[in-house]
Amino acid sequence: TLAIVAGISVANIYYVQPLLNMIRHELGISEFRTNLIAMVTQIGYAAGLLFITPLGDLYQRKKIILANFLVLIFSLLTIALAHNIHVILVASFLTGACSMIPQIFIPMAAQFSRPEHKGRNVGIVLSGLLTGILASRVVSGFVGELFGWREMYYIAAGMMFVCAVVVLKVLPNIQTNFRGKYSDLMKSLLALVKEFPQLRIYSIRAALNFGSLLAMWSCLAFKMGQAPFHANSDIIGLLGLCGVAGALTASFVGKYVKRVGVRRFNFIGCGLILFSWLLFFVGENTYLGIILGIIIIDIGMQCIQLSNQTSIFELSPRASNRINTIFMTTYFIGGSTGTFLAGTSWQYFGWTGVIGTGILLTSCSLVINIFAKK
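Residues numbered from 1 in each chain as written. Predicted model: local features only at pLDDT ≥ 70, side-chain atom pairs only at ≥ 80, totals over all residues. Heavy atoms only, no water.

> Could you give me a rundown of helix 6 (residues 102-111), with the residues and numbers involved?
Across the 10 residues of helix 6, 9 count as buried, placing the element largely inside the fold. The complete set of buried residues in helix 6 reads P102, Q103, I104, F105, I106, P107, M108, A109 and A110. Among the structural elements, helix 1 (2-14), helix 3 (31-51), helix 4 (61-81), helix 7 (118-146), helix 14 (287-312) and helix 15 (320-349) are those in contact with the buried residues of helix 6. (Buried < 20%, exposed > 50% of the residue type's maximum accessible area, 1.4 Å probe, protein only. Helix = DSSP H or I, 4+ residues; strand = E, 2+ residues; numbered from the N terminus. Contact = heavy atoms within 4.5 Å.)

> Could you give an account of helix 14, with specific residues and numbers?
Between its first and last C-alpha, helix 14 extends 38 Å over 26 residues, near the 38 Å set by a 1.5 Å rise per residue. The buried count for helix 14 comes to 20 of 26 residues, which makes it a mostly enclosed element. (Expected span 1.5 Å × (residues − 1).)

> Can you explain the packing of helix 9 (residues 182-195) against helix 15? Please cite residues and give values.
Two quantities define a packed helix pair, namely the angle between the axes and the distance from one axis to the other. It is the contact of helix 9 with helix 15, at a shortest axis distance of 10 Å, that shows an interaxial angle of 70°. Relative to helix 15, helix 9 is oriented roughly perpendicular. Judged by the sense of rotation from one axis to the other, the crossing of helix 9 with helix 15 is right-handed. Along the contact surface, helix 9 presents L185, S188, L189, L192 and V193, while helix 15 presents R322, I323, T325 and I326. Taken together, the residues that form the contact of helix 9 with helix 15 break down as 6 nonpolar, 2 polar and 1 charged. (Axes fitted to C-alpha atoms, helices over the stretch in contact; angles between N-to-C directions. Parallel < 35°, antiparallel > 145°, perpendicular 65-115°, else oblique. Left-handed = near helix turned anticlockwise from the far one by under 90°. Nonpolar A, V, L, I, M, F, W, Y, C, P; charged D, E, K, R; others polar.)

> I'd love a proper account of the pattern of salt bridges, names of residues and values included.
Summed over the entire model, instances satisfying the criterion amount to 2 salt bridges. The closest approach of N and O atoms between E284 and K223, which form a salt bridge, is 3.4 Å. Residue E284 is located in the loop between helix 13 (262-282) and helix 14, and its partner K223 is located in helix 10 (residues 197-224); the two are separated by 61 residues in the primary sequence. (Salt bridge = Lys/Arg side-chain N within 4 Å of Asp/Glu carboxyl O.)

> Lay out the packing of helix 4 against helix 5 (residues 85-98) in plain terms, naming residues and giving numbers.
Direction vectors running N to C along helix 4 and helix 5 enclose 155°, while the axes themselves pass 9 Å from each other. On the basis of the axis angle, helix 4 is roughly antiparallel to helix 5. Crossing of helix 4 over helix 5 shows left-handed handedness. In this structure, helix 4 contributes N68, V71, L72, F74, S75, L76, T78 and I79 to the contact, and helix 5 contributes V87, I88, A91, S92, L94, T95, A97 and C98. Taken together, the residues of the contact of helix 4 with helix 5 sort by class into 11 nonpolar, 5 polar and no charged.

> Break down the layout of surface pockets for me, citing the residues and quoting the values.
Sizing a probe to match a water molecule and rolling it over the atoms shows the empty space that remains. Within this model, the largest pocket holds a volume of roughly 470 Å³. Lining the largest pocket are 20 residues, and of these V257, K258, T310, S311 and E314 sit closest to its centre. When residues of the lining of the largest pocket are traced back to their parent elements, those giving at least two are helix 7, helix 10, helix 12 (244-260), helix 13 and helix 14. Looking at the lining of the largest pocket, its residues break down into 5 nonpolar, 6 polar and 9 charged. (1 Å grid on protein atoms, 1.4 Å probe; cavity = no way out; pocket = protein on both sides within 12 Å on 5 of 7 lines; lining within 4 Å. Points joined across faces, edges and corners; volume = space filled by probe spheres on them.)

Shown next as structure tokens:
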């Protein structure tokens, strides 16, 4: 149940990616301003992770999840009805902020698993989350092509209502593990950052690579809309299926993190992502180059994300929600930075600028990994 609801919830962040060109044409705005929708959604997600996820240690998680679903229904309907880019940006921020629900589920899977099953169970929830990311692009691409981009958000609001009912019926009440005020809870985040240098390393090197991944996805719709492809939203959405390799990799990586080691997985991941950017450069005008690049960049990203994210929970099990908050907030700050830099690079240098952005971000992560001990 956690895996399925996580996938449906996180999908809200990614529906927009294949629809960007459609939104741009209907609203009559530039590619740069359209790209801000994806960026603001990711900033909202980072804000939700930072300010909402820690509440899982302070209040009943079930109530927090249900409150987020209610806000999501409102924000998704607002996007569907909006005819102004500024309204869409505000609603997109709220959508991103309240779509952090999977990041309450992942610590739950870690906290209530036996030590020998922790990596596997976190991998199952992450696989559900990744499947939601992949399916979101495919579904929104087809719905956009058949019915229009607004209809996708009406459907999304309906799915949030169904998820709220499922959570109300299925999820048990879980005891909180932090005593104190919200301000004390937020101060404890800083204390955790200072206390665990490994947490800083794990978070930053994963965030830089996530920025590299989203640099590609945030500009892919613009790239595929040009010659020689002239692809519509359904084709762009179908390319999301190439990332299924990443979803399958998640459960595999979860099993072998202990044996292979976090640092080695990060070297493997960075190598794969850099190779994928080479494919995007060499095969930029062929479907083969684009498809292979997407498959390899997703596999590389899962090597990095899951190895780092599984390892952070061993630092302080009782602070699992707050540890995950720090990791995922940093992660999505990296994602929104990559989206912004890629959008800017696209405006001035086209696809070559996007490739340069991706290579730069992953190279920075690689340098951190070289000097890191773990």
